[in-house]
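What follows is each chain in one-letter form.
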Amino acid sequence: MPVGRVGRPHGLDGAFVVEQGSDDPCRFAVGAELHVDGVSAKIVVSRRVGRGRHAIRLDRAVERGTTLTVLRGALPPLPAGEFYAFEIIGLRVEEVGGRQCGIVKDLLPGPANDNLELDDGTLVPMIEDAISAIDPAGGVVLLNPGFIV
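Quantities reported herein were computed from a predicted structural model and do not represent experimental measurements.

Draft legend 1. Seen up close, the pairing of strand S8 (residues 100-108). Relative to S8, strand S7 (residues 92-95) runs antiparallel, the two being bridged by three bridges. For Glu94, the partnering residue across the bridge sits in S8 and is Gln100. Counting the residues between successive antiparallel strands, the hairpin from S7 to S8 contains four residues, one of them, Gly97, with a positive phi of roughly 115°. Direction of pairing for S8 relative to strand S9 (residues 115-118): antiparallel, over a ladder of four bridges. Of the residues in S9, the one forming a bridge with Leu107 is Leu116. In this structure, the hairpin formed by S8 and S9 is closed by a connection of six residues.

Draft legend 2. Examining the confidence of the model for the protein more closely. Chain-level pLDDT for the protein is 90 on average; 99% of the residues reach the 70-or-more range. Per-residue pLDDT, averaged within each element of the protein, yields its smallest value for helix H1 (residues 85-88) (86) and its largest for strand S12 (residues 140-143) (95).

The rules we used
Residues numbered from 1 in each chain as written. Predicted model: local features only at pLDDT ≥ 70, side-chain atom pairs only at ≥ 80, totals over all residues. Heavy atoms only, no water. Pairing = 2+ DSSP bridges. Helix = DSSP H or I, 4+ residues; strand = E, 2+ residues; numbered from the N terminus. pLDDT = per-residue confidence, 0-100.

Below you can see the structure in the form of C-alpha cells.
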C-alpha cells in the first residue's frame, strides 16, 4: 500500500523529503521497513521538515519519484465500518435497487467529511444520508435512492 513518494533531497546526508506521506508518523520512524519497487528498505534517518512532512534516508539509494509502500499485512486492522482508501477506490457505485452510478476514482478529504469522486467527476459525500453500505468484498458502494440525479 502506498505511504509516500521519494521527493527532493534534504540536507547532505542522503535524506529526501517524503511527498504525499502517510499521516501515521510510525511509518517514517528510524528502523521502520518500507518497500521500494518491491524491495525492502529500512529507514536509517528520520526528521520532521516544513509543513509537517518527513525527510528520511533509507539504507540504500532510491530514485526520486519512486513510490514508497508497506505490505498490506503491516497495516493495523480498522474497526468495523471503517476502510482504508485503497479498499474503496475502484469499487462500482450503485443505488439500492440496482441503478449504476459509476466507479470510485478517488477519495477526497473535505473539511466536514470525505467525498467519493466518481469516474464522471460526481462527488458523493461520505455521510450516512448518502451511503447505505460499503462492501469491498462485493466490490460495491451502495447509495441511498435518489441521492444522485
